[in-house]
Amino acid sequence: MNITRKILLGLFMLITACSPVETGRRIAGTSIKTLEEEEKGRFSGIARAGILKSYAAVKEILEEKDLYIYLDNPENGYLTAMWFNRIYPRCIDTSEVGFFFQEDGPGRTRIDVVSRNSSLARFAAEMVFEELNRRDGIKMKPQ
């Protein structure tokens, strides 16, 4: 019976083209794959600061807005947040917004703000980028 379950699980993963790790992450709610692949709800800006400083500033802004950061991975350059319904009425509390950080040159970081709700992604990007421009030592490059 145990071998039958393993075979069925293996076939399921093969058919759905999911790795066991990614399937486990999706079940646990810790997968960022859908956000990484999202194209319509993606807004980008360039911060005039390194990745760690940009990451810390964005995280601080989200915490100041009392948003729930449920995935926080500075080593891989991303964090995700929820509870935007507190400041943006056209979403639900579990609508997730991802923030992805990538080096764009010396002292410059590309910040991608992504959500499957494109109007929420636009709102979050504008909010974060405006807040970053108000901070000392970190500004957004004009687009």
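Cut-offs and rules
Residues numbered from 1 in each chain as written. Predicted model: local features only at pLDDT ≥ 70, side-chain atom pairs only at ≥ 80, totals over all residues. Heavy atoms only, no water. Helix = DSSP H or I, 4+ residues; strand = E, 2+ residues; numbered from the N terminus. Expected span 1.5 Å × (residues − 1). Buried < 20%, exposed > 50% of the residue type's maximum accessible area, 1.4 Å probe, protein only. Contact = heavy atoms within 4.5 Å. Phe/Tyr/Trp six-rings, centres within 6.5 Å; stacked < 30°, edge-to-face > 60°. Core = buried A, V, L, I, M, F, W, Y, C linked by side-chain atoms within 4.5 Å.

**Student:** For this particular structure, what's the right way to read helix α5 (residues 118-134)?
**Tutor:** An α-helical turn contains 3.6 residues, so any two residues separated by three or four positions project in the same direction. Taking 1.5 Å as the rise per residue, α5 with 17 residues should run 24 Å; its terminal C-alpha atoms sit 24 Å apart, in good agreement. Taken together, the buried positions of α5 are occupied by Leu-120, Ala-121, Ala-124, Ala-125, Met-127, Val-128, Phe-129, Glu-131 and Leu-132. Where α5 is buried, its residues meet β1 (42-47), α4 (51-64), β4 (97-105) and β5 (108-114).

**Student:** Quick question: what am I supposed to make of the packing of aromatic side chains here?
**Tutor:** Scanning the model with the defined rule gives five aromatic pairs in all. Ring plane angle 35° and centroid distance 6.3 Å describe the contact between Tyr-78 and Phe-100, whose orientation is recorded as tilted. Of this pair, Tyr-78 sits in strand β3 (residues 78-82) while Phe-100 is found in strand β4, placing the two residues 22 residues apart along the sequence. Given the relative accessible area of 14%, Tyr-78 is considered buried. The exposure class of Phe-100 is buried, given its relative accessible area of 12%.

**Student:** Hey, could you run me through the nonpolar core in this one?
**Tutor:** Across soluble globular proteins, nonpolar side chains show a tendency to be buried alongside one another. Grouped together as the largest cluster of nonpolar side chains are 30 residues, with contacts concentrated most on Leu-62, Phe-84, Phe-99, Val-128 and Leu-132. Residue assignment for this core shows that the elements contributing at least two residues are β1, α4, β3, β4, β5 and α5. With eight residues, the single largest contributor to this core is α5. Ignoring anything within four residues of it in the chain, the contact list for Leu-132 reads Ala-57, Val-58, Ile-61, Ile-111, Ile-138, Lys-139 and Met-140. Of all hydrophobic cores here, the second largest spans six residues; its members include Leu-71, Tyr-78, Met-82 and Val-114.

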